[in-house]
Amino acid sequence: MSSLINLISQYGRDTFILPILCLVSIVVTILIYLFLSDRKFTKYILGIILLVLALIDGIYSYSIFTTPKGLVTAWIGVILASCGFVGVCTGFIIDIIDSIKRSYETYGKEDGKK
């Protein structure tokens, strides 16, 4: 049990970077939406790129998993995949909010005419 606590305390600093990078992914996705909102697909670009990079890194880290470098590359793949999923989910949430706003404006104009 004490060895598990030692491992957590030793590598606990590495786990603090994951939420920070996920927040950066959210902010960048929102900025992409705000500045490049002419196309619907643009808000998903960051998440898809991160997921592709995570897949490539996952395949690479699987081939070298038993080496000391393998765990480090697997951890990088986990970080990339997490940030990619957060970016795609943020894009979905933005898309839902945008469609609700558009439907509210459409139905609000129809109600005002009556």
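Here the structure is a predicted model, which is why all the values come from computation and not from measurement. (Residues numbered from 1 in each chain as written. Predicted model: local features only at pLDDT ≥ 70, side-chain atom pairs only at ≥ 80, totals over all residues. Heavy atoms only, no water.)

**Observations concerning the overall build of the protein**
So, step 1. Assigned secondary structure in the protein consists of 4 helices and 0 strands.
So, step 2. Going from N to C terminus, the protein has its helices and strands arranged as α-α-α-α.
So, step 3. Expressed as a percentage of its 114 residues, the buried residues of the protein come to 26%.
So, step 4. Considering only residue pairs separated by 6 or more positions, the protein has 65% of its internal contacts joining residues 24 or more positions apart. (Helix = DSSP H or I, 4+ residues; strand = E, 2+ residues; numbered from the N terminus. Buried < 20%, exposed > 50% of the residue type's maximum accessible area, 1.4 Å probe, protein only. Contact = heavy atoms within 4.5 Å.)

**Concerning a nonpolar patch on the surface**
So, step 1. Nonpolar side chains collect at one region of the surface, where Phe 41, Ile 45, Ile 48, Ile 49, Val 52, Leu 53 and Ile 56 lie side by side and expose about 620 Å² of accessible area between them.
So, step 2. For Ile 49, the position within the fold is in helix H3 (residues 45-63).
So, step 3. Residue Ile 49 is classed as partly exposed on the basis of its relative accessible area of 46%. (Patch = residues over 30% accessible without salt bridge, like charges linked within 9 Å, V, L, I, M, F, W, Y side chains within 5 Å. Areas by Shrake-Rupley, 256 points an atom, 1.4 Å probe, with all protein chains shown as cover. Salt bridge = Lys/Arg side-chain N within 4 Å of Asp/Glu carboxyl O.)

**Some remarks on the nonpolar core**
So, step 1. Core analysis: the biggest nonpolar cluster contains 5 residues, these being Cys 22, Leu 46, Leu 50, Ile 79 and Cys 83.
So, step 2. If you list the elements that add at least two residues to this core, you get H3 and helix H4 (68-113).
So, step 3. Not counting residues up to four positions away in its chain, the partners in contact with Cys 83 are Leu 21, Cys 22, Ser 25 and Leu 50. (Core = buried A, V, L, I, M, F, W, Y, C linked by side-chain atoms within 4.5 Å.)

**Here's the deal with the environment of Leu 21**
So, step 1. Within the secondary structure layout, Leu 21 lies in helix H2 (residues 17-35).
So, step 2. Owing to a relative accessible area of 31%, Leu 21 belongs among the partly exposed residues under this scheme.
So, step 3. Considering only alpha carbons, one finds Leu 21 and Ile 79, 58 residues apart in sequence, at a separation of 8.1 Å.
So, step 4. Non-local contacts of Leu 21, meaning those with residues more than four positions away in its chain, are made with Ile 79 and Cys 83.

**A few points about the confidence of the model for the protein**
So, step 1. When pLDDT is averaged across the protein, the result is 85; 89% of the residues are at 70 or more.
So, step 2. The least confident element of the protein, judged by mean pLDDT, is helix H1 (residues 2-15) at 70; the most confident is H3 at 94. (pLDDT = per-residue confidence, 0-100.)

**Let's talk about the state of the cysteines**
So, step 1. Throughout the structure, instances matching the rule amount to 0 disulfides.
So, step 2. Summary of cysteine pairing: Cys 83 is not part of a disulfide, and the nearest cysteine sulfur, belonging to Cys 22, is at 3.9 Å. (Disulfide = S-S within 2.5 Å.)

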